[in-house]
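Now for the letters of each chain:
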Amino acid sequence: MSFDGLSWYVAPDGFAAGVGSEDDPWDLRSALAGRSEIEAGDILWVRGGLYRLDATLECSLAGTEERPVEVRGDPRDERPVLNFTGLGDS
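Let me sum up the structure you'll find in this document. Keep in mind that what you see is a predicted model, and the values were worked out from it rather than measured. (Residues numbered from 1 in each chain as written. Predicted model: local features only at pLDDT ≥ 70, side-chain atom pairs only at ≥ 80, totals over all residues. Heavy atoms only, no water.)

## Considering the overall build of the protein chain
- What the protein chain contains, in helices and strands, is 1 helix and 5 strands.
- Shown N-terminal to C-terminal, the secondary structure of the protein chain runs as helices and strands in the order β-α-β-β-β-β.
- Taking 2.2 N^0.38 as the reference for a compact globule, 90 residues should give roughly 12 Å; the C-alpha atoms of the protein chain span a radius of gyration of 13 Å, in line with that estimate.
- Referenced to the eigenvectors of the C-alpha coordinate spread, the extents of the protein chain come out at roughly 40 × 25 × 25 Å.
- In the protein chain, which comprises 90 residues, the share counted as buried stands at 33%.
- Counting contacts in the protein chain only where the partners sit at least 6 residues apart, residues at least 24 apart contribute 68% of the total.
- On the protein chain, roughly 5,700 Å² of surface is accessible, and the fraction owed to carbon and sulfur atoms is 49%.
- Of the side-chain charges in the protein chain, 8 are positive and 18 negative, and the distance between the mean point of each set is 5 Å. (Helix = DSSP H or I, 4+ residues; strand = E, 2+ residues; numbered from the N terminus. Rg over C-alpha atoms; globule rule 2.2 N^0.38 Å. Buried < 20%, exposed > 50% of the residue type's maximum accessible area, 1.4 Å probe, protein only. Contact = heavy atoms within 4.5 Å. Areas by Shrake-Rupley, 256 points an atom, 1.4 Å probe, with all protein chains shown as cover. Lys, Arg positive; Asp, Glu negative; His and termini not counted. Charge placed at Lys NZ, Arg CZ, Asp CG, Glu CD.)

## A short note on the environment of Arg 67
- Considering the arrangement of structural elements, one finds Arg 67 in the loop between β3 (49–53) and β4 (70–73).
- A sequence separation of 63 residues divides Arg 67 from Asp 4, and the C-alpha atoms of the two residues are 8.4 Å apart.
- Ignoring any residue separated from it by four or fewer positions in sequence, one finds Arg 67 in contact with Asp 4, Ala 40 and Gly 41.

## Section: the side chain of Ser 30
- Topologically, Ser 30 is positioned in helix α1 (residues 28–32).
- In this structure, Ser 30 is in contact with Ala 16 and Arg 35, ignoring residues within four places of it in sequence.

## Some words on the pairing of strand β2 (residues 43–46)
- Every second residue of β2 is oriented toward a common face, with Ile 43 and Trp 45 on one face and Leu 44 and Val 46 on the other, all of them buried.
- Note: strand β1 (residues 7–10) against β2, 4 bridges, orientation parallel. Note that in β2 the partner of Val 10 across the bridge is Val 46.
- Examined bridge by bridge, β2 and β4 share 4 bridges and lie parallel to one another. Looking at β4, one finds that Leu 44 is bridged to Val 71. (Pairing = 2+ DSSP bridges.)

## Side note on the sheet that holds β1
- Taking strand neighbours across the sheet as the criterion, the 3 strands line up as β1-β2-β4 in an open arrangement whose pairing is parallel. The open sheet is flanked by β1 and β4, the only strands paired with a single partner. Neighbouring strand axes in the sheet, compared pairwise and without regard to direction, differ in orientation by 30° on average. (Axes fitted to C-alpha atoms, helices over the stretch in contact; angles between N-to-C directions.)

## A closer look at the nonpolar core
- Residues Val 10, Trp 26, Leu 28, Ile 38, Leu 44, Tyr 51 and Leu 61 are the most contacted members of the largest nonpolar core, which totals 13 residues.
- In terms of residues, this core owes the most to one element, α1, which gives 3 residues.
- Apart from the residues lying within four places of it in its own chain, the contact partners of Leu 28 are Val 10, Val 46, Tyr 51, Leu 53, Leu 57 and Leu 82. (Core = buried A, V, L, I, M, F, W, Y, C linked by side-chain atoms within 4.5 Å.)

The values are spatial; any link to function lies outside them.
What follows is the structure in structure tokens.
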């Protein structure tokens, strides 16, 4: 499989109002919700750090069998950590 799309970025300190670049990343939740900017064949790079999330995280990214949207950890030896809080809380 070869990469032929655009690269987008999320970071623990990213914002939904960001542009999805390395310097202005999105937050993980809004990126996975299926932003219109992310198209088939693109890669969503997850920067390292602690992502504090509630009990749910939905992914609505849509690619194709030939050109999937790939969600990958940042290749610069960074480690993303997903911390789900509120599990089992009423």
